[in-house]
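Coordinate analysis (summary)
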Amino acid sequence: MGTSFEGRRALVTGITGQDGSYLAEQLLERGYRVYGLVRRLSTPNTQNIAHLLDRVVLLDGDLHDAASLDTALRASEPEEIYNLAAQSFVGVSFNQPVVTGEVTGLGVVRLLEAMRARADKARFYQAASSEMFGKVKRSPQDETTEFHPRSPYGVAKTYAYWACVNYRESYGLFVSNGILFNHESPRRGREFVTRKISDGVARIKLGLASKLKLGTLTTHRDWGYAPEYVDLMWRILQAPVPSDFVGATGEMHSVEEFVELAFRHVGIEDWRPYVEEDPRFKRPAEVDLLCGDAKKAKLELGWEAKVKVPELVKLMVDNDLALLRGSAPRAA
Ligand code: NDP
Ligand code: GDP
């Protein structure tokens, strides 16, 4: 990567999460000065950015608190703002719909307002989601497909998406949505199905667990590799005009296929004795399938997902095996 962006300032909300940590790495490699918004927790949660702590500036803030966002923008004076912070887990959004709406929905408006007041020349990336397509109107889904969200998370992301479009149209701000399909990595939270599977299979392989309890196995997702998707976020903000882009692999696999590939990778051909269906992990409403068409990102930004599910499964299972054996200090 070149260093023509030397000294540019970027503010990343959600820097402690999966995407925020990869994005911070890539921005640093490009020469950016990186600021990260971090909320106060009783036990600090910086393991994903532990290796970056001497190179990023962390600012206290929370999407609930408009004043803290204003302060963070004044302190960082960003040219680029990446809003990745969210209550990001669909499952929990059914139990905490109001918190999800506050953070994942209204929090975005608080940040847009702070940008309007303090950094109106900045470029703003919003982490929109394929969950907005929900009960899909057609397949594959692209930037023109109608939304029908199926969870409080999907509803909040849809509100935030339209707020971004509205701030672009109302105030002429550079605000873009990345409508990204599921993307995973060794840093994915363990409650998400891919990481739950890679961690569970690694534990079974090492004799640390005997069962993996899952919900619905028949749903299909378009799973990609997170480091490639954060590169897309950056490309979206380098475009000549603000716009909305889908990021996806264009391939769809079922949860069951992911399970099968993960067990096969550790030499277990018959996974069925190890997997138990548990109603606790089923949702009141499901998104049965998601499959994206990222043609616009390819044509306009030169972006394409390269890592597909078979490779993704291997790298995630291998990383969890290494973590459990103590031979890897942290998720790659
Ligand atoms: P993570 O859950 O790993 O990270 C979420 C981040 O948001 C964490 O840093 C978290 O901080 C922070 N956060 C949560 N609540 C607040 C709050 N009230 N104020 C400030 N920060 C907060 O998500 P991902 O990295 O996977 O995803 C990044 C974004 O992209 C999210 O908005 C997600 O919804 C969206 N997205 C993700 C997709 C995916 O497949 N990964 C697909 C499409 C969209 P803490 O560490 O303290 O909890
Ligand atoms: P999502 O697409 O953002 O909801 O990502 P998840 O990884 O949470 O879920 C992907 C799919 O896996 C959904 O259809 C879930 O219902 C399904 N799934 C099946 N079992 C589980 C489970 O035990 N945990 C999670 N998180 N999802 C599961």
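Keep in mind the model is a prediction, meaning the values are calculated, not measured. (Residues numbered from 1 in each chain as written. Chains lettered and ligands numbered in written order. Predicted model: local features only at pLDDT ≥ 70, side-chain atom pairs only at ≥ 80, totals over all residues. Heavy atoms only, no water.)

1. Some thoughts on the overall build of the protein chain
Assigned secondary structure in the protein chain consists of 10 helices and 13 strands. Scaling as 2.2 N^0.38, a compact globule of 332 residues should have a C-alpha radius of gyration of about 20 Å, and the protein chain matches this with 19 Å. The principal-axis extent of the C-alpha atoms belonging to the protein chain is close to 60 × 45 × 40 Å. Taking the intrachain contacts of the protein chain between residues at least 6 apart in sequence as the baseline, contacts between residues at least 24 apart amount to 78%. Counting only carbon and sulfur atoms, one obtains 50% of the accessible surface of the protein chain, whose full area is about 14400 Å². Across the protein chain, the 43 positively charged side chains and the 44 negatively charged ones have centroids separated by 2 Å. (Helix = DSSP H or I, 4+ residues; strand = E, 2+ residues; numbered from the N terminus. Rg over C-alpha atoms; globule rule 2.2 N^0.38 Å. Contact = heavy atoms within 4.5 Å. Areas by Shrake-Rupley, 256 points an atom, 1.4 Å probe, with all protein chains shown as cover. Lys, Arg positive; Asp, Glu negative; His and termini not counted. Charge placed at Lys NZ, Arg CZ, Asp CG, Glu CD.)

2. Topic: the packing of helix α6 (residues 193-205) against helix α8 (residues 255-265)
For the pair α6 and α8, interaxial distance at closest approach is 10 Å and the crossing angle is 30 degrees. Between α6 and α8, the crossing angle belongs to the class labelled roughly parallel. Read as a crossing pair, α6 and α8 show a hand that is right-handed. Residues Val193, Thr194, Ile197, Val201 and Ile204 of α6 form the contact with α8, whose participating residues are Val255, Phe258, Val259, Ala262 and Phe263. Per-class residue counts for the contact of α6 with α8 are nine nonpolar, one polar and no charged. (Axes fitted to C-alpha atoms, helices over the stretch in contact; angles between N-to-C directions. Parallel < 35°, antiparallel > 145°, perpendicular 65-115°, else oblique. Left-handed = near helix turned anticlockwise from the far one by under 90°. Nonpolar A, V, L, I, M, F, W, Y, C, P; charged D, E, K, R; others polar.)

3. Quick notes on the sheet that holds strand β5 (residues 123-129)
Read from one edge of the open sheet, seven strands run β3-β2-β1-β4-β5-β6-β11, paired in parallel fashion. Each having just a single partner strand, β3 (56-60) and β11 (245-247) make up the two edges of the open sheet. Between one strand axis and the next, the sheet turns by 25 degrees as a mean value, whatever way the strands run. (Pairing = 2+ DSSP bridges.)

4. What to know about the domain arrangement of the protein chain
Many authors give the size of an interface as the accessible area that is lost as the parts come together. What the domain assignment reports for the protein chain is domain 1 (9-184 + 223-247) and domain 2 (193-221 + 252-289 + 307-324). Domain 1 and domain 2 are separated by 27 Å when their C-alpha centres are compared. With 15 residues of domain 1 in contact, the opposing surface of domain 2 contributes 18 residues. Roughly 1500 Å² of surface becomes buried between domain 1 and domain 2 when both sides are summed, with 65% attributable to carbon and sulfur atoms. Contact with domain 2 buries area across many residues of domain 1, yet Arg150, Trp223 and Tyr225 alone supply 48% of it, more than any other trio. On the surface where domain 1 and domain 2 come into contact, there are one salt bridge. (Domains from an automatic or database assignment. Buried area = accessible area lost by both parts, 1.4 Å probe. Salt bridge = Lys/Arg side-chain N within 4 Å of Asp/Glu carboxyl O.)

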